[in-house]
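Summary of structural features
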Protein chains: 2
Amino acid sequence: MMRKIYSVALLAISLLSAQPSHQEIADKITRKGLEDLYAFEMLEDLTQYGHRFSGTPGYDKAVQWAEQKLKEVGADSVWLQPVVVPHWVRGNPEKAVATIGKKKIDLSVCALGGSVATPKNGITAEVIEVKSLAEAKQLGERAKGKIIFYNRPFDKTKINPFEAYGGAVDQRSRGAIEAAKVGAVAVLVRSMTNAIYKVPHTGAMRYADTVAKIPAAAISTMDANYLSDELQKGSKVSVTLTMDCTTLPEVQTYSVIGEIRGTEYPNEIVLIGGHLDSWDRGTGAHDDGSGVVQCIDVLRLMHELQLKPKRTIRCVLFANEENGLRGARAYAKNIDTMKEKHIVAIESDAGGFSPRGFGVEADSVRFLKIASFASLLENIGADRIRMGGGGADISVLEKFGTVLIGLSPDPQRYFDYHHTDIDTIDKVHPRELQLGAIAIAILTWALAQEGV
Amino acid sequence: MMRKIYSVALLAISLLSAQPSHQEIADKITRKGLEDLYAFEMLEDLTQYGHRFSGTPGYDKAVQWAEQKLKEVGADSVWLQPVVVPHWVRGNPEKAVATIGKKKIDLSVCALGGSVATPKNGITAEVIEVKSLAEAKQLGERAKGKIIFYNRPFDKTKINPFEAYGGAVDQRSRGAIEAAKVGAVAVLVRSMTNAIYKVPHTGAMRYADTVAKIPAAAISTMDANYLSDELQKGSKVSVTLTMDCTTLPEVQTYSVIGEIRGTEYPNEIVLIGGHLDSWDRGTGAHDDGSGVVQCIDVLRLMHELQLKPKRTIRCVLFANEENGLRGARAYAKNIDTMKEKHIVAIESDAGGFSPRGFGVEADSVRFLKIASFASLLENIGADRIRMGGGGADISVLEKFGTVLIGLSPDPQRYFDYHHTDIDTIDKVHPRELQLGAIAIAILTWALAQEGV
């Protein structure tokens, strides 16, 4: 009898030890990730052809690349999901010249995404500076025929620049609408960054059907400070803005999806994703090339380490996050809730910097469950799990009750590059990028095994 | 009576509210720090004249600058502490050419700090690659007349590159000694970094009195890989190394010290510090210009916010950390233990990157007390307080029972720049640098008020 108990105990031990702990798997993922630094290798590939703006051949090339890469790294199945996207073209020229007394000064500007063109010879008008949409409204008659210059800077006392961005971006997104309401003929918007330099930042802007569509351009922070100083001194400043942007017919393209099927609960989905499109400046290395290669690398790590998740891990590389969110909307529309349940979604769309942790949008019970995985992330320094997070693409899953999680990398440098010519691969550190992929892989594994 | 109780209660409340909580002070420090970003402004100043290598006029200029700056920011007293430092000069040329068959290849090298020169026409010898000191020893007779090429890379699977550095740096510090013992005529040492590029990294090396002093140079990782590949293929590789470095007579200079006297326990010192010297490459922007300006900024923040610490906060900018630690030794020697007690010392010498937390060298009781301040550091993301830390300069205080603390910034990029031509201010982010200063200021305040 003693002998039998002994051998049963031995069997139990061997069964137990055949199942490595989550910590052991986290360590394996970390080791393998740092050994290969494969996320950066993919990013070099992805960014070498230029930007991936919606509607352009560059985006379609990225679709092919991503489909091929997902197959290569060992996804069980890979497919394309059709999406119809807008096709806005920046055009040329894109130029602003300030006239101050007898001086003519070239300003560093770029059209905001979606802007209409100016007449061929540009718009020349006096500039009025405001710090908010409310101030623009209050201008009333005085705005008529003028260029409104939105110049509320980032609040640099905000520790997290994403918060400063949230506090300034209404100028970019709604500035043209409020300016047109009071009769302005164009807007210049201070670039969305703490950095003071000559780099203009593009980004999405909107029009309203009920008011005139007026041209909208971003101006570099250095030039914004210059204009503001001149206006403070009482100088009369006028600007000639010339832009040739246009909106072409919509284009049919794709989001790219690959997954590793779950062994026990294949219909329960742990979604990981980023967006495959970028703005038409730089090469979208941080925004969101980083998120794309990190999520592909999660599948690669699972495959190479022969990890078989209980739930399905699905990597979704969304089309058209930047100027439409069409990929995410198409994805949500196509979810067959009879067949699959998205229990949790993780988005990486805050840059390829050292991961600090995750932001979680969930009720407190599920939040605590996810927070309990923090210890697995401690060695790599990504264990700050905080309430509040998610991402633009995965926000469409909220209505399905999906827990939404966003990777939180160190946020200080992101808005130095965001939506600019300098969002290029030399700003991405191979190990920082990889640690982000490792963080997602570790959390994804725990969620795929334990659920939420 | 009721009225009396009421007014006593009111008085108590007003007294209590007259003492802002540590958290309130942490918030004020954070706000003011981010508003001014003064650490970066100082770093621009400090680095504009070039490097600050021991024994050079650049270092003496930095002494004057620091003395002036400490006075300017409101230290109660500022003084210079005499230190005699070595004066090694790199010289020119500093060159290595590999001969492989008929090919001649220029290698990116630089002398290690303290190396002797080669003869005028250089040393030409066959190269033997080894991965460790032990392997060099084992070469025995075969090493005679050869150049030993130490080529053990950083272990990239280490999450923290400082750990990888610790695992590789014996090749640099002791490589020449072991090589000379087996009769080698010079050493080439793979640069101490994970990055693969053409940038050689200098750093300290030692000789032993009992063996020959042979020239020692660092070789860039890219060239190290190239040589190694050729040797793997079976090519015979010889190198001509030409260096003209020399050691001049020692020089009298200073460490710079400034303090804010404690209001209640002036003889209890909370020391904060970094080293004012740098290597003779780049401008020592991260190593350790960052630590210097952060510590000065702590005094500035205290002064500007009119914070009066109970214990003395002393900022020590040590001379000669890089090649001698003479400043720290002189400081320790001059401590009058009858008059003052160094309860705790914080060093910032790991770069000006986003602060993650602090490493603490203390017994568990005092460690727990310090760890209890983590919540004050949470908002700025610097709340990872871990056992083990300190810094080279403050290590000399260990014998006084001082608690030793090192700031832990994000470590991934540090060894990309360390001891190289590219350790320049463009690699430092103003907000990341400032958050480090804020982290030190918050912890310093708590320690000055609560002790350890």
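Residues numbered from 1 in each chain as written. Chains lettered and ligands numbered in written order. Predicted model: local features only at pLDDT ≥ 70, side-chain atom pairs only at ≥ 80, totals over all residues. Heavy atoms only, no water.

1. Here we look at the sheet that holds strand β6 (residues 147–150) of chain B
Residue and element names in this part refer to chain B. Defined as follows: Criterion used throughout: strands pair if DSSP finds at least two bridges between them. Secondary structure elements follow DSSP: runs of H or I no shorter than four residues count as helices, runs of E no shorter than two count as strands, and numbering proceeds from the N terminus. Here, axes are lines fitted to C-alpha atoms. For helices the fit covers the stretch in contact, and angles between N-to-C directions go from 0 to 180 degrees. Any pair of residues with heavy atoms lying within 4.5 Å of one another is described as a contacting pair.
The strand order β3-β2-β9-β5-β6-β7-β8-β4 describes an open sheet built from eight strands, whose pairing is mixed. Each edge of the open sheet carries a strand with a single partner, namely β3 (103–107) and β4 (109–111). Taking the axes of each pair of neighbouring strands and ignoring which way they run, one obtains an average angle of 30 degrees across the sheet. Inspection of the sheet shows β4 paired to strand β8 (residues 216–219) by three bridges, in the antiparallel sense. Note on β8: the bridge partner recorded for C110 is A218. Packing against the sheet, helix α8 (residues 221–232) makes contact with β2 (94–100), β3, β5 (123–130), β6, β7 (186–190), β8 and β9 (237–243), and its axis sits at approximately 150 degrees to β3.

2. With respect to empty space enclosed by the protein
Our working rule: We place a 1 Å grid over just the protein atoms. Points where a 1.4 Å probe fits but has no way out form a cavity, open points with protein on both sides within 12 Å along at least 5 of 7 lines form a pocket, and any residue with an atom within 4 Å of a point lines it. Grid points are joined across faces, edges and corners, and a volume is the space filled by probe spheres set on the points. Throughout, the ten residues Ala, Val, Leu, Ile, Met, Phe, Trp, Tyr, Cys and Pro are labelled nonpolar, Asp, Glu, Lys and Arg are labelled charged, and all others, Gly among them, are labelled polar.
With the rule as written, the count across this model stands at three cavities of 30 Å³ or more. As for the largest cavity, its lining consists of A:F353, A:S354, A:D410, A:R413, A:E432, B:F353, B:S354, B:D410, B:R413 and B:E432. The class makeup of the residues in the lining of the largest cavity is two nonpolar, two polar and six charged. A volume near 70 Å³ is recorded for the second largest cavity. Together, A:D45, A:L46, A:Y49, A:G50, A:H51, A:R52, A:G58, A:K61, A:A62 and A:W65 line the second largest cavity. Secondary-structure elements contributing two or more residues to the lining of the second largest cavity are α3 (38–47) and α4 (57–72) of chain A. Broken down by element, the lining of the second largest cavity gets its largest block of residues, four residues, from α4(A). Per-class residue counts for the lining of the second largest cavity are four nonpolar, three polar and three charged.

3. Concerning the environment of A:S255
All names here are of chain A. Inclusion rule: Under the scheme applied here, a residue whose accessible area is under 20% of the maximum for its type counts as buried, over 50% as exposed, and between as partly exposed, the area being computed with a 1.4 Å probe on protein chains only.
The topology assignment puts S255 in strand β10 (residues 246–260). We classify S255 as buried; its relative accessible area is 0%. Along the primary structure S255 and E67 are separated by 188 residues, whereas in three dimensions their C-alpha atoms are 9.5 Å apart. If near-sequence neighbours (up to four positions away) are discounted, S255 is found in contact with Y59, W79, L80, Q81, V83, L317, F318, A319 and G327.

4. Points about the sheet that holds strand β1 (residues 77–89) of chain A
All names here are of chain A. Pairing in this open sheet of eight strands is mixed, and the strands run β1-β10-β12-β11-β13-β16-β14-β15 from one edge to the other. Of all strands in the sheet, those with a lone pairing partner are β1 and β15 (384–387), marking the two edges. On average, each strand axis in the sheet is inclined to that of its neighbour by 20 degrees, with strand direction left out of account. Pairing geometry for strand β11 (residues 265–275) and strand β12 (residues 311–318), over eight bridges, is parallel. Counterpart to Y265 in the pairing with β12 is R311. Packing of helix α9 (residues 285–304) onto the sheet brings it into contact with β10, β11, β12 and β16 (403–409), and relative to β11 it is tilted by some 150 degrees. Lying on the sheet, helix α14 (residues 430–450) is in contact with β11, β12, β13 (341–347), β14 (355–361) and β16; it crosses β14 at an angle near 40 degrees.

5. Re the pairing of strand β11 (residues 265–275) of chain B
Residue and element names in this part refer to chain B. Where we set the bar: Crossovers are described as right-handed under a simple rule: with the strands pointing away from the observer, the path leading from the first strand over the helix to the second runs clockwise.
This β-α-β element, β11 to helix α9 (residues 285–304) to strand β12 (residues 311–318), shows right-handed connectivity. As paired elements, β11 and strand β13 (residues 341–347) share six bridges and run parallel to each other. Within β13, the residue paired with E268 across the bridge is K341.

6. So, unusual backbone geometry
Cis geometry is adopted by the peptide bond preceding A:P93, which originates at A:N92 and carries an omega value of 5 degrees. Checked against the element boundaries, A:P93 lands in the loop between β1 and β2 (94–100). Here the amide bond leading from B:D287 into B:D288 is cis, since omega sits at 0 degrees, within 30 degrees of zero. By secondary structure assignment, the location of B:D288 is in helix α9. At B:L37, a residue that is not glycine, the phi angle is positive and equals roughly 45 degrees. Checked against the element boundaries, B:L37 lands in the loop between α2 (22–36) and α3 (38–47).

7. Re the environment of A:E321
Residues and elements named next belong to chain A. Rule in force here: We call two N or O atoms a polar contact when they sit within 3.5 Å, provided that within protein one can donate a hydrogen and the other can accept it, with sequence-adjacent residues counted only if both atoms are side-chain atoms.
Turning to its location among the elements, E321 is positioned in the loop between β12 and α10 (326–333). Between the alpha carbons of E321 and G273 there is a distance of 11 Å; along the sequence they are 48 residues apart. Polar contacts involving the side chain of E321 include one to the side chain of H275, which spans 3.3 Å.

8. Considerations on the pattern of salt bridges
So the rule is basically this: Whenever Lys or Arg places a side-chain nitrogen within 4 Å of a carboxyl oxygen from Asp or Glu, that contact is recorded as a salt bridge.
Applying the stated criterion across every chain yields a total of 66 salt bridges over all chains. A single network of salt bridges, built from pairs that share partners, joins A:K32, A:D36, A:D297, A:R300 and A:E304.

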